[in-house]
Amino acid sequence: MGVAEVTYLHLTHDLDAMLTALRALRPSVILTIPSLLARAEKHFAGLWPAGTSPLRCLISTGEPMPAKLRDAIKRAWGCSVMSLYGTTETGCLASECRCEDGHHFDVDAHVLTLGQPRRVAPDMLEGELLLTTTQICTQAVVKYAVGDIVRVGLAPCPCGEPTPRIWHMRRTQDAFVFAGEKFHHGMILEALRAVAPDLDSLLLEIDDVPDGPEHVLLRAVLPEEFASRHSVLLEVLRDRIFELDSLVHAGLVRLEVDCRPATARDAQTRKALRVIDRRSM
């Protein structure tokens, strides 16, 4: 990127102080975690006067960039937005295509293997990502299980970049099982978005039921601004998710919707699973 000066700002503490520092620094590039940047979204437009943003590019890493946040950045700052895909153990694997369709990766730097692959198109496979590093000496890995389900495609990209592309689909740990039925975090998130299209954050907590006839408690934890839609969201969980509705009506699963305020700790634990299963084994 040709960056000559680097400044670290701690977004999880004093937000006003961070924004003041960012305004004065006038950075040309920002590298950040989407969930941290989202805390400042309502301040985007006021950070610099319209048309005077110094930003050329905002780079996100660590988690998916919500489409709503991406659009807000582009509108307020007029810069390009891209993401990096990688792991703590293997470093950066891929960078987002400028057409915003997948991430290109260098086949000389990483050897990709897919566990239990299935063909989803003539030139695309889907499976669990296993990484072997060829250019890391201090912590080399062989078929390291990243914990992601991905798609890898070899079709020519409209951007002209000749390297293959990878698409992150979901975490392997985001799946959970009730009464022999498998459910995915993404399935429930998409169902809730049918009535709350602005929903970007969802944590699913699964617990034993301390009292009552049900076997399992499924709690959907949402940001506090969705509290006014509590009953509608609970109805979606109860009646509009295939197979979950039958388990609920059979008295096997208890449902809750819990709308909580965001905290600095939430940002600091951004790498926690989106599904937390506390059931006794």
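As shown above, the structure is provided for reference.
Summarised in this report is the structure supplied together with it. (Residues numbered from 1 in each chain as written. Predicted model: local features only at pLDDT ≥ 70, side-chain atom pairs only at ≥ 80, totals over all residues. Heavy atoms only, no water.)

## Thoughts on the packing of helix H5 (residues 185-193) against helix H6 (residues 230-239)
Line of reasoning, step 1. At a minimum axis separation of 9 Å, H5 and H6 run at an interaxial angle of 130°. When the axis of H5 is compared with that of H6, the two are oblique. Crossing of H5 over H6 shows right-handed handedness. Facing Ile188, Ala191 and Leu192 of H5, the residues of H6 in contact are Leu233, Val236 and Leu237.
Line of reasoning, step 2. Looking at the contact of H5 with H6 residue by residue, the classes come out as 6 nonpolar, no polar and no charged. (Axes fitted to C-alpha atoms, helices over the stretch in contact; angles between N-to-C directions. Helix = DSSP H or I, 4+ residues; strand = E, 2+ residues; numbered from the N terminus. Parallel < 35°, antiparallel > 145°, perpendicular 65-115°, else oblique. Left-handed = near helix turned anticlockwise from the far one by under 90°. Contact = heavy atoms within 4.5 Å. Nonpolar A, V, L, I, M, F, W, Y, C, P; charged D, E, K, R; others polar.)

## As for the pattern of salt bridges
Line of reasoning, step 1. One pass over the structure, following the stated rule, counts 22 salt bridges.
Line of reasoning, step 2. For glutamate 126, the salt bridge goes to arginine 151, with nearest N and O atoms at 2.5 Å. One end of the pair, glutamate 126, is in strand E7 (residues 124-133); the other, arginine 151, is in strand E8 (residues 144-153), with 25 residues separating them in the sequence.
Line of reasoning, step 3. Residue classification places glutamate 126 among the buried residues on the basis of a relative accessible area of 6%.
Line of reasoning, step 4. A single network of salt bridges, built from pairs that share partners, joins Glu205, Asp207, Arg219, Glu256, Asp258, Arg260 and Arg278. (Salt bridge = Lys/Arg side-chain N within 4 Å of Asp/Glu carboxyl O. Buried < 20%, exposed > 50% of the residue type's maximum accessible area, 1.4 Å probe, protein only.)

## Looking at the sheet that holds strand E13 (residues 216-223)
Line of reasoning, step 1. Here we have 4 strands laid out as an open sheet, ordered E14-E13-E12-E15, and mixed in their pairing. Of all the strands in the sheet, just strand E14 (253-260) and strand E15 (275-277) have a single pairing partner and so form its edges. Going across the sheet, the axis of each strand differs from the next one's by a mean of 20°, ignoring polarity.
Line of reasoning, step 2. Across the sheet, H6 touches E13 and E14, and the angle it forms with E14 is around 150°. (Pairing = 2+ DSSP bridges.)

## A closer look at the sheet that holds strand E4 (residues 91-96)
Sheet strands pair via backbone hydrogen bonds, and the direction of the pair is either parallel or antiparallel.
Line of reasoning, step 1. With respect to topology, 9 strands assemble into an open sheet ordered E1-E2-E3-E4-E5-E9-E8-E7-E6, the strand pairing being mixed. Among the strands making up the open sheet, the edge pair consists of strand E1 (29-32) and strand E6 (110-121). Here the strands of the sheet are splayed against their neighbours by 35° on average, with no regard to which way each runs.
Line of reasoning, step 2. In this sheet, E4 lies alongside strand E3 (residues 80-87) in antiparallel orientation, the contact comprising 4 bridges. Each bridged residue has a counterpart across the sheet, and for glycine 86 the counterpart in E4 is cysteine 92.
Line of reasoning, step 3. Seen against the sheet, helix H4 (residues 67-77) touches strand E2 (57-60), E3 and E4 and runs at an angle of roughly 140° to E3.

## Brief notes about the nonpolar core
Line of reasoning, step 1. By size, the foremost hydrophobic cluster in this structure holds 29 residues, and its most contacted members are Phe178, Ile188, Leu218 and Leu244.
Line of reasoning, step 2. Those elements that place two or more of their residues in this core are strand E10 (175-178), H5, strand E12 (203-208), E13, H6, helix H7 (244-249) and E14.
Line of reasoning, step 3. Those residues within four positions of leucine 218 in sequence are excluded, and the remaining contacts are Phe178, Ile188, Leu204, Glu205, Ile206, Leu244, Val253, Arg254, Leu255 and Glu256.
Line of reasoning, step 4. Ranked by size, the runner-up nonpolar core spans 22 residues in total, among them Leu37, Phe44, Leu58 and Cys79. (Core = buried A, V, L, I, M, F, W, Y, C linked by side-chain atoms within 4.5 Å.)

Shape is all these values report; function is a separate question.
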